[in-house]
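Residue strings, one per chain:
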Amino acid sequence: MSADTRAGTGTPYDAELGALFAARGAARVDVPIIQPADPYLDTAGEALRRRIFLTRGEAGETLCLRPDFTIPVCRDHVGHGATLPRRYSYVGLVFRQRPTGPGEFYQAGIEDLGEENAATADARALADALAGLEICGLEAGELDLVLGDQGLFEAFLRALGLPEGWQRRLVRTFGHDDQLEAALAALARGGSGALDTLDPEFAELARLGEQGALTFKIRERMEEAGLPPHSGRSPGEVAARLIEKVAIAEARLSEGSLQLLRRFLAIDAPLSEAGTVIGDLAGAAGLDLGRALTFFETRNLALRAAGVDLAAVRYRAAFGRPIDYYTGLVFEARRKGSNEPLAGGGRYDRLLSILGAERPVPAVGFSLWLDRIASRTGDAA
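Predicted, not measured: the structure shown is a model, and the values here were computed from it.

Turning next to the overall build of the protein. Per the secondary structure count, the protein includes 16 helices and twelve strands. With 381 residues in all, the protein has 50% of them scored as buried. Residue pairs in contact within the protein that sit at least 24 positions apart in sequence constitute 69% of those at least 6 positions apart. As displayed, the protein has an accessible area near 17600 Å², and 50% of this comes from carbon and sulfur atoms.

As structure tokens, this is what we get:
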């Protein structure tokens, strides 16, 4: 390891980053290497799930080696019932299966929980990530910085008037370019054939949104088939799902609206200019992005106040990170010309509720890939 490795820990830049994180008000936390796997399997997304090292506990529970720190730190916070707001920092090993390179490597970062001013917290996350890279010897001029915003993408979908089912489907593809393109192609075609095997009577009731009548017919059919009560989804749940399925299958985005969505997703501009570009596109099309665009501009002001050069950050409307729990800001820092992140993070406002918090907790964080930083060459993502 490089000369920056701290004696006794094997962790690159441990002391330097520890001092920086403490100065930024983040308390150091240690979490177990062995973690329950279900939170990752349920929330992290396929890109991370397929790289997890899984094992079984004595009671048969599914466990894993810690593949990141975000979920364990959040679980630890929820388990201790700590007060909010609170910032946590970490430096340590994570474990992932990778096509090349070791399956264990070091990450460091901060998880920022409970800060109600989301613009301030987002700006702080990006500024602290850049400060961490600087501590490790990487100046901003050596980096490509890219930022996306899932919240703004969701607002654009709402403004186009897509059915909620389609909105959810497209949001699930954010950060997965191939999946997003396939979903857009299906939306352009409409009538995808997904209903070919559905009983025509059921399809018509679903098309009309007649949930009561559809529930009655489904209950009748279940009784005729001899299915016991509570054998699975209730007739009402099946009816609601069928109504959504029909709406998704039969929705078709007009060519004009599809081109608008593609123009939005093609936006790639300096963050200092992005608000104007987005506003001009939405204004010319008569789309109201509501608070999402206002928040985008407010966060830019907070980033400037935190010392981030907006002209050095690229906003890409289609940019997401392939982890399913993100809800808003996402960002990565890479060496110029590289596709491998040295730092990455984002906002994940729903995660703590999924992990058992009694109320929604606003949250944002970032990680530094210390082995890539220390090697100066990187390895496969």
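Having seen the model, we can carry on.
Before going further, it helps to spend a moment on the environment of Gly-114. Within the secondary structure layout, Gly-114 lies in the loop between strand S6 (104-113) and helix H5 (118-135). Separated by 27 residues in sequence, Gly-114 and Arg-87 place their C-alpha atoms 8.6 Å apart. When residues no more than four places from it in sequence are discounted, the contact partners of Gly-114 are Leu-84, Pro-85, Val-361 and Pro-362.

Next up on the list: the sheet that holds strand S3 (residues 54-56). Overall, antiparallel pairing links the three strands, which are arranged S2-S4-S3 in an open sheet. Pairing within the sheet leaves two strands with one partner each, and these edge strands are strand S2 (34-36) and S3. Looking at each pair of strands side by side, their axes are set apart by 45° on average, direction ignored. In the sheet, S2 pairs with strand S4 (residues 62-65) via three bridges, with the strands oriented antiparallel. For Ile-34, the partnering residue across the bridge sits in S4 and is Leu-65.

Under the defined criterion, the tally for this structure stands at 17 salt bridges. Across the salt bridge formed by Asp-128 and Arg-87, the nearest N and O atoms sit 2.8 Å from each other. Taken as a pair, Asp-128 in helix H5 and Arg-87 in strand S5 (residues 86-95) lie far apart in primary sequence, 41 residues in all. Under the relative-accessibility criterion, Asp-128 is labelled buried at 3%. We classify Arg-87 as buried; its relative accessible area is 9%.

Moving on to the sheet that holds strand S12 (residues 363-369). The strand order across the open sheet formed by nine strands is S1-S5-S6-S12-S11-S10-S7-S9-S8, and the pairing between neighbours is mixed. Edge strands, defined here as strands with exactly one partner in the open sheet, are strand S1 (27-28) and strand S8 (268-270). Taken together, the five bridges between strand S10 (residues 329-335) and strand S11 (residues 341-347) define a ladder with antiparallel strand orientation. Bridge pairing in S11 places Val-330 opposite Gly-346. Against the sheet, helix H13 (residues 271-285) touches strand S7 (143-149), S8 and strand S9 (313-316), its axis set at about 125° to S8.

Ranked by size, the top nonpolar core spans 76 residues in total, and within it Leu-133, Leu-170, Phe-264, Tyr-315 and Leu-370 carry the most contacts. When residues of this core are assigned to their parent elements, the largest contribution, ten residues, is made by H5. Within the second largest apolar cluster, 31 residues are counted, among which are Cys-64, Val-146, Tyr-325 and Ala-363.

This next bit is on the packing of helix H8 (residues 177-189) against helix H12 (residues 255-265). Interhelical geometry of H8 versus H12 gives an angle of 165° and a closest axis separation of 11 Å. Relative to H12, the element H8 lies roughly antiparallel. Crossing of H8 over H12 shows left-handed handedness. On the side of H8, the interface is formed by Leu-180, Glu-181, Leu-184 and Ala-188, while H12 contributes Leu-258, Leu-261, Arg-262 and Leu-265. A per-class count over the contact of H8 with H12 returns six nonpolar, no polar and two charged.

Next up on the list: the pairing of S12. Most of S12 is tucked away, with seven of its seven residues classed as buried. Residues Ala-363, Gly-365, Ser-367 and Trp-369 of S12 are buried on one face, and the alternating residues Val-364, Phe-366 and Leu-368, pointing to the opposite face, are buried as well. Relative to S12, S6 runs antiparallel, the two being bridged by seven bridges. Its bridge partner being in S12, Glu-111 is matched across the sheet by Gly-365.

Moving on, we come to the packing of aromatic side chains. Inspection of every chain in the model, using the stated rule, returns eight aromatic pairs. An angle of 75° between the planes, with centres 6.3 Å apart, marks the rings of Phe-21 and Phe-366 as edge-to-face. Of this pair, Phe-21 sits in helix H1 (residues 14-23) while Phe-366 is found in strand S12, placing the two residues 345 residues apart along the sequence. Ring geometry for Phe-105 against Trp-369: centres 5.3 Å apart, planes inclined by 10°, an arrangement best described as stacked. With Phe-105 in strand S6 and Trp-369 in strand S12, this pair connects stretches of sequence that are 264 residues apart. Each member of the pair, Phe-105 together with Trp-369, is buried. Site record: aromatic cluster; members linked through ring pairs are Tyr-325, Tyr-326 and Tyr-348. Directly above the ring of Phe-105 sits Arg-98, whose terminal nitrogen or CZ lies 4.0 Å from the centroid.

Procedures and definitions
- Residues numbered from 1 in each chain as written.
- Predicted model: local features only at pLDDT ≥ 70, side-chain atom pairs only at ≥ 80, totals over all residues.
- Heavy atoms only, no water.
- Helix = DSSP H or I, 4+ residues; strand = E, 2+ residues; numbered from the N terminus.
- Buried < 20%, exposed > 50% of the residue type's maximum accessible area, 1.4 Å probe, protein only.
- Contact = heavy atoms within 4.5 Å.
- Areas by Shrake-Rupley, 256 points an atom, 1.4 Å probe, with all protein chains shown as cover.
- Pairing = 2+ DSSP bridges.
- Axes fitted to C-alpha atoms, helices over the stretch in contact; angles between N-to-C directions.
- Salt bridge = Lys/Arg side-chain N within 4 Å of Asp/Glu carboxyl O.
- Core = buried A, V, L, I, M, F, W, Y, C linked by side-chain atoms within 4.5 Å.
- Parallel < 35°, antiparallel > 145°, perpendicular 65-115°, else oblique.
- Left-handed = near helix turned anticlockwise from the far one by under 90°.
- Nonpolar A, V, L, I, M, F, W, Y, C, P; charged D, E, K, R; others polar.
- Phe/Tyr/Trp six-rings, centres within 6.5 Å; stacked < 30°, edge-to-face > 60°.
- Lys NZ or Arg CZ within 6 Å of the ring centre and 35° of its normal.

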